[in-house]
Structures are given as C-alpha cells and as structure tokens.
Amino acid sequence: MTTTWVKSDRQKEREKLLRAQGRRSVSVATISTVVVAGLVVFGLLASPGWPRVRETFFSWDALVTSLPDILRGFLLNVVIFLIAEPVILLLGLGVALLRGLRSPVFFPLRALAAIYTDVFRGIPVVLLVYLAGFGVPALQLQGVPSDPVVLGTIGLILSYTSFVAEVFRSGIDSIHPSQKAAARSLGLSHGQTMRYVVVPQAVRRVVPPLLNDFASLQKDSALVAFLGPLEALRQAQIHAADMFNYTPYVTAALLFVALTVPMARFTDHLAARAARQRGGAS
Amino acid sequence: MTLLTIDGVWKRYGDHEVLKGVDLTVDTHEVVCLIGASGSGKSTLLRCVNLLETVDDGAILLDDVDITDVRADADDVRKRIGIVFQAYNLFPHMTVLDNITLAPRKVHGVGRVQAEDQARELLARFGLESKARDYPDQLSGGQQQRVAIIRAIATQPRLLLLDEVTSALDPTLVNEVLGVIRELKQSGMTMILATHEMGFARDIADTVCFLADGVLLERGHPDQIFGAPKHPRTREFLSRT
Ligand SMILES: Nc1ncnc2c1ncn2[C@@H]1O[C@H](COP(=O)(O)OP(=O)(O)OP(=O)(O)O)[C@@H](O)[C@H]1O
Ligand SMILES: [Mg+2]
C-alpha cells in the first residue's frame, strides 16, 4: 500500500479533459459576448436618429464642462447617503425588534411600530422629502433645523427606515424557532437571545435585500434636489438648462452607477467570505 | 433526596390532550428514561419541565420550589436545568467555543478566560479539543450533538434533559453520543432522557417510565420493565421494538 498519493493516469486524463472543456466555455462566452455587443452597437449607430442622440446625450464637450460641478454636487449626495444609511439601519432594526416584543406592556410600542411601517411604506419618497423640507419649517417651531439638506435627509430616513425595518423583521422571522428555544433553555433572556443568537443570524441573511435598499437610497438622495441644495442632480439640471443638452444628466447617472457597482461587489465579497468561514454550507 | 417532582401535570394543544396527569419524582443523581410510542408526550413532558411550554394543570417542583408558579422567573429556572434537543441545536454563526461559553459568560457572569478554560477542559474530556475553533457546519452529526451536550452542562445545571439526542444520527455515530451520557452518569449528573434506544435505556437508567397517550402507565427498575412488564400495553410496546 502506498501512503503518498500519486496521480493516476486516469485522473491526469480527466483533468486534461476538464481543462479543455474550460477553455472551450471561455471562448464560447467571449464569442457570444462580442457578437451581442456588436449587434447592439451596430443597431444604435445605424438608427437614423443616432447623430442627434449622441449630440444631446453623449456630448464629450458637455461632459467635460459640467463634470466639476456635478462631481462637487455628488459629494453632497455621498455625504447624505453616508449619514442616512447608518441611522436607517439602527432605526430599522429598532422598529423590527419593537414589533417582535410579545409582552402586553409593550402593546402601544408594538402598535406604533406597525402603524409606522404600514403608513410610511405607502407614502412616495418624494412626498416625504417635500413634507419634511417644506412642511416642517412651516410649523415655525423653535430649535427645529431649517437646513434643507438636513430636512431632506430626515425625509429619506423616515421613508427608508420603514422598508429596512420590514427587511429586518422578515430576517428575524426566518430564524428557526428552535434556535430561540435552544437559547432560552440555556437561560438567556429574551433580549440576550435576540442580541446574541437571533439578530446576528438574521442580519447575515438580509444583507442582499439591504444592499438593494442601499442602492435605491443612493439614487433617491437626488430627491433632496427638489428642496434646492446643489447636489448632483440639481447641478446637472442647471448645466442641462444652460447648454440645452442632456449630457449632464448622463454624467450624473454615471457617477451614481460608479458608486453602486463597487458596493455590490464589496457586499458579494463579504457574503462569500462569511460563507467560507462557516465551511461553505448554507 | 428528591430533586424534581412532577405532580399531576396536564398539557393540551387545543382539544388534544397530550399529557393527562403525569406524576413523577426524580432523585439527585438518578437517571430516568422515558420510553413510549411516537406522540405519547415524552418531548412535551421535557419541554414542560424546562418551562418551554406552560402546563395546563398540576405543578412541577425543582428543589421543592414550584417552578410552574406564574410568579416564578423562567430564566432563573432554566439556568438550573439543561436541555438538549433532537437536532438543530447549535448556533450556526458561532464557533464551538463560543457556543459553549455563551451562557456561562452572558447568563452566569463568568469571565471570558475562565469560561473558555472550562469549555476547553470539557471538550478535552469528550475528545473534541481540536474542534474548539470550528463552526457547527464543519462537524459531523455526532460531534455536533456532543458539543450540544457539553454546552448544556457548561453552566453546571442541577438537572439535564435529553430529548432523543441520538435519533437524528447515523447508527455509527450513536455510540459516541451514548458514551458521553454514560460518562455524565458516572460523574453524578441527574438526567431525564426520552429515548427510543431500548438497549441503552436498559443499560443506563436507574428508573424507566413508560408513557402511552399522555399517561405514565408504568415505572420501575429497567430489569423489571424490560424483563417482566406488568402492564399489557408496556408488554405490547416492548414486543414491537
Ligand atoms: N406545538 C404543538 N402544537 C400542537 N400539538 C402538538 C405540539 N407539540 C406536540 N403536539 C402533539 O402532542 C403530542 C405529543 O407530542 P410529543 O412531541 O410530546 O411526542 P413524543 O412522545 O416526543 O413523540 P416522538 O417519540 O415522536 O418524539 C403529539 O400528538 C403531537 O402532535
Ligand atoms: Mg419527541
């Protein structure tokens, strides 16, 4: 009996075939991509209106002129996003946990949380931004912020928290009840059970749908434009009106995409790492 | 000395009566095996003792204190009773070591270093020292179940409940888990176990209880129950297994 493994001829042959198969699939994928992309480009270029479309939407000059302002505006979008997102995550989780409380003492809180998610998920985001931006200052209360960026961000937070709360709640509900029973039987309280056992598992499960909401929040940060601040969309509007050209909008869109794509890759990477750590399964 | 007294316990799910006035006492260091057909109420009885279910009538006393009293603190009772279920026990997002040390650290206030030392000692005792940093997915079924038992005893409970801890396992893995239970008996742990392993029950139990349709029909020394069952239904059940 041999103790060190020597690759058999059969295995070598098998691996050779596998490599050949791999090469073949790569070339098939390349060829079909080139063909499809070629057809799309050809279809565009051959369409009668293309020269006009290129001039109004993809003008290099317009892009170069508008880019600095739009980029500056875009930084404001990033700031809004970076501030709103953690707040939304915390509040959303809080609302989801409130809805999970079973004790009758907490009935009012639970009811409030349910009403909040029901109502605020139903109101269009842009309306909430308007309400926060124009409605709140109209109340003329003392000590309430009047900066439209702050108010717009609050509108976004109000809307997105209701969605994120539901995502968290479904994640919490998806954890098998025996996990809760196992934790309670070790003597952990309800709070400890949620904190150490249920929520950590729920959060891992809801990362993909949360990312979906993040991407959506990133672009909805542009809605703050309606309150006047000079963020990316507002800057694009100004330039577009100046030049009678839509390219600034495309520029803004490219910036938003440039932020979403790396974030999606990053989350995939996190999920893959977590899966590897846990031995690949589930 | 009596550790646990189950006194006339009833449990209903809707109209379905699952436990119909069960009486049972368990002494310190005693090992009690619950046997009976599927659906006879073994798991339900264990879940009642652990207060995972509320009883509909009767009382359960631990150390002469009524734990089914509505004013009793369930978390406090559970600190003194360990339970291991059939399957799906371990927390999949934690390592073996974290699974074991969670309750000692968070419920009993033991420091991390001390809790981990104790956990490693237990793991070594049951031949799992190399698995401390693994996640549950990376263990075999038998290893997972042994970790679940270790986790339950890491808080030094007064009483350990085991609900068919081997029934989800491959027959070859059953023995390693039964070995752990044997070792626990030697160390003096008081246990109630629901089991379908008759040979094992006969071997390890001080007392065997036969449950049928929520009634404790017969209890006695394993030699008597398995050798000369008194009740006709016990005889019938044993002849089928
Ligand atoms: N949560 C529940 N709701 C309704 N009925 C239940 C519930 N849990 C158990 N039952 C019923 O109670 C009865 C006893 O169940 P139990 O799990 O205690 O049986 P068991 O003796 O442990 O059986 P097995 O050997 O198959 O594990 C069964 O008829 C079951 O259908
Ligand atoms: Mg059962």
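These numbers come from a predicted model, not from an experiment. (Residues numbered from 1 in each chain as written. Chains lettered and ligands numbered in written order. Predicted model: local features only at pLDDT ≥ 70, side-chain atom pairs only at ≥ 80, totals over all residues. Heavy atoms only, no water.)

Novice: What exactly am I supposed to notice about the confidence of the model for chain A here?
Specialist: Atomic detail in the predicted coordinates should be set aside for any region of low pLDDT. Averaged over every residue, the pLDDT of chain A is 86; the share at 70 or more is 96%. Averaged pLDDT values for the elements of chain A fall to 81 in helix α10 (residues 247-277) of chain A and rise to 93 in helix α6 (residues 148-173) of chain A. (pLDDT = per-residue confidence, 0-100. Helix = DSSP H or I, 4+ residues; strand = E, 2+ residues; numbered from the N terminus.)

Novice: What am I meant to see in unusual backbone geometry here?
Specialist: Most peptide bonds take the trans configuration, and most residues that are not glycine carry a negative phi. Residue and element names in this part refer to chain B. Positive phi values are uncommon outside glycine, yet Asp 64 reaches one of about 65 degrees. In this structure, Asp 64 sits in the loop between β4 (57-62) and β5 (65-66). Using a relative accessible area of 62% as the deciding quantity, one classes Asp 64 as exposed. Although it is not a glycine, Gln 156 adopts a positive phi angle of roughly 50 degrees. You can see Gln 156 is positioned in the loop between α5 (141-153) and β7 (159-163). Classification of Gln 156 by relative accessible area gives exposed; the value is 65%. (Buried < 20%, exposed > 50% of the residue type's maximum accessible area, 1.4 Å probe, protein only.)

Novice: Sorry, what's going on with the interface of chain B and chain A here?
Specialist: Many descriptions give the size of an interface as the accessible area lost when the pieces come together. Counting residues at the interface gives 24 residues for chain B and 23 residues for chain A. Ionic pairing is found between Asp 75 of chain B and Arg 184 of chain A, a salt bridge with its closest N-O pair at 3.1 Å. At the junction of chain B with chain A, the criterion picks out six residue pairs in polar contact (both at pLDDT 80 or more). Listing elements by their share of the side of chain B that touches chain A, those giving two or more residues are α2 (74-80), β6 (81-84), α3 (96-106) and α5 of chain B. (Contact = heavy atoms within 4.5 Å. Salt bridge = Lys/Arg side-chain N within 4 Å of Asp/Glu carboxyl O. Polar contact = N/O pair within 3.5 Å; in protein donor to acceptor, adjacent residues only side chain to side chain.)

Novice: Sorry, what's going on with the sheet that holds strand β2 (residues 16-27) of chain B here?
Specialist: Backbone-to-backbone hydrogen bonds pair the strands of a sheet. The strands run either parallel or antiparallel. All names here are of chain B. Spatially, the four strands line up as an open sheet ordered β2-β1-β4-β5, and their pairing is antiparallel. Edge positions in the sheet fall to β2 and β5, since each has one partner strand and no second. As paired strands, strand β1 (residues 2-13) and β4 are joined by five bridges and run antiparallel to one another. Directly across from Thr 5, in β4, lies its bridge partner Leu 61. Running over the sheet, helix α1 (residues 42-49) touches β1, β2 and β4 and is turned about 120 degrees from β1. (Pairing = 2+ DSSP bridges. Axes fitted to C-alpha atoms, helices over the stretch in contact; angles between N-to-C directions.)

Novice: What should I look at first to understand the nonpolar core in this one?
Specialist: Generally speaking, soluble globular proteins have nonpolar side chains that are buried together. Counting residues in each nonpolar core, the largest one holds 47 residues, and the members touching the most others are Ile 35, Leu 162, Ile 181, Leu 184 and Met 191 of chain B. Apart from the residues lying within four places of it in its own chain, the contact partners of Leu 184 of chain B are Arg 125, Phe 126, Ile 149, Ile 153, Leu 160, Met 189 and Met 191 of chain B. Judged by nonpolar contacts, the second largest core, of 43 residues, contains Leu 186 of chain A together with Val 32, Val 107 and Ile 192 of chain B. (Core = buried A, V, L, I, M, F, W, Y, C linked by side-chain atoms within 4.5 Å.)

Novice: Is there a simple way to explain the sheet that holds β6 of chain B in this structure?
Specialist: All names here are of chain B. A sheet is described by the order of its strands in space; here six strands give the open sequence β6-β7-β8-β3-β9-β10, paired in mixed fashion. Two strands bound the open sheet, and with one partner strand each, they are β6 and β10 (215-220). Neighbour-to-neighbour, the strand axes of the sheet open up by a mean angle of 15 degrees, direction not taken into account. Pairing of strand β3 (residues 31-35) with strand β8 (residues 190-194), which is carried by four bridges, proceeds in the parallel orientation.

Novice: Help me out: how do you make sense of the site of ligand 1 in this one?
Specialist: Residues and elements named next belong to chain B. Neighbouring ligand 1 are 13 residues; Ser 38, Gly 39, Lys 42, Ser 43 and Thr 44 lie closest to it. Residue Gly 41 places a main-chain N or O atom 2.9 Å away from an oxygen atom belonging to ligand 1. Between ligand 1 and Ser 43 there is a distance of 2.6 Å, counted from an oxygen atom to a side-chain nitrogen or oxygen. Relative to its unbound accessible area of 630 Å², ligand 1 is 62% covered by the protein chains. Breaking the shell around ligand 1 down by element, the ones donating at least two residues are β2 and α1. Examining the composition of the shell around ligand 1, we find that three residues originate from one element, α1, more than from any other. In terms of residue class, the shell around ligand 1 is made up of three nonpolar, eight polar and two charged. (Near = heavy atom within 4 Å. Areas by Shrake-Rupley, 256 points an atom, 1.4 Å probe, with all protein chains shown as cover. Nonpolar A, V, L, I, M, F, W, Y, C, P; charged D, E, K, R; others polar.)

Novice: Looking at this structure, how should I read a nonpolar patch on the surface?
Specialist: A contiguous nonpolar patch, built from Val 36, Val 40, Val 41, Leu 44 and Leu 45 of chain A and spanning about 440 Å² of accessible area, is present on the exposed surface. Turning to its location among the elements, Leu 44 of chain A is positioned in helix α1 (residues 9-46). (Patch = residues over 30% accessible without salt bridge, like charges linked within 9 Å, V, L, I, M, F, W, Y side chains within 5 Å.)

Novice: Got a minute to help me understand helix α7 (residues 177-185) of chain A in this structure?
Specialist: Spacing of three or four residues puts side chains on the same side of an α-helix, whose turn is 3.6 residues. Every buried residue belonging to α7 of chain A is among Ser 178, Gln 179, Ala 181, Ala 182, Ala 183 and Ser 185 of chain A, and all of these are buried. Residues of α7 of chain A that are buried in the fold lie against α8 (190-220) of chain A together with α2, β6 and α5 of chain B. Of the residues trailing α7 of chain A, Gly 187 of chain A is marked for its positive phi of about 100 degrees.

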